[in-house]
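# Breakdown of the fold
What follows is each chain in one-letter form.
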Amino acid sequence: MTRDNAPVPTPPSSSALTQPSSDSVPVQPAGPAYVRQAAVGADVPAAIVRGAAQGAAQGTARESLARLTEEFLAEPPDWVRALGSFVRGLWE
């Protein structure tokens, strides 16, 4: 048969389904497939490298933020001074 004239499959009728008898043993579903686990401590060197890189990045970010804060507090921009004087004027 060719693909053009192939018959359309039909689902089985409900009478075709068989009911299990009370004598039959119920079929248990198969358990999960065995999952191979990595050995304990196999990822430790990679974790150490990631931790060191993360610590270095955090240290750099903390240092740069501290430097920017010091410069900002030492010489604030004009708009910050204007905003500060406006806010102080609200409480006078």
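For the structure, see preceding data.
Report on the accompanying structure.

Calculation rules
Residues numbered from 1 in each chain as written. Predicted model: local features only at pLDDT ≥ 70, side-chain atom pairs only at ≥ 80, totals over all residues. Heavy atoms only, no water. Helix = DSSP H or I, 4+ residues; strand = E, 2+ residues; numbered from the N terminus. Buried < 20%, exposed > 50% of the residue type's maximum accessible area, 1.4 Å probe, protein only. Areas by Shrake-Rupley, 256 points an atom, 1.4 Å probe, with all protein chains shown as cover. Salt bridge = Lys/Arg side-chain N within 4 Å of Asp/Glu carboxyl O.

## A few points about the overall build of the protein chain
Helix and strand content of the protein chain: two helices and zero strands. The buried share of the protein chain, taken over its 92 residues, is 0%. For the protein chain, the accessible surface area stands at approximately 9,200 Å², while carbon and sulfur atoms represent 62% of it.

## Re the pattern of salt bridges
Summed over all chains, the structure comprises three salt bridges. When the shortest N-O distance is used, the salt bridge between E63 and R67 registers 3.5 Å. Of this pair, E63 and R67 are both found in helix 1 (residues 44-74), four residues apart, which corresponds to roughly one turn of the helix. Salt-bridge contacts for E75 lead to R81; the nearest nitrogen and oxygen are separated by 3.3 Å. Accessibility expressed as a relative area gives 56% for E75, which makes it exposed. A relative accessible area of 42% means that R81 is categorised as partly exposed. The structure contains a network of salt bridges with shared partners spanning E75, D78 and R81.

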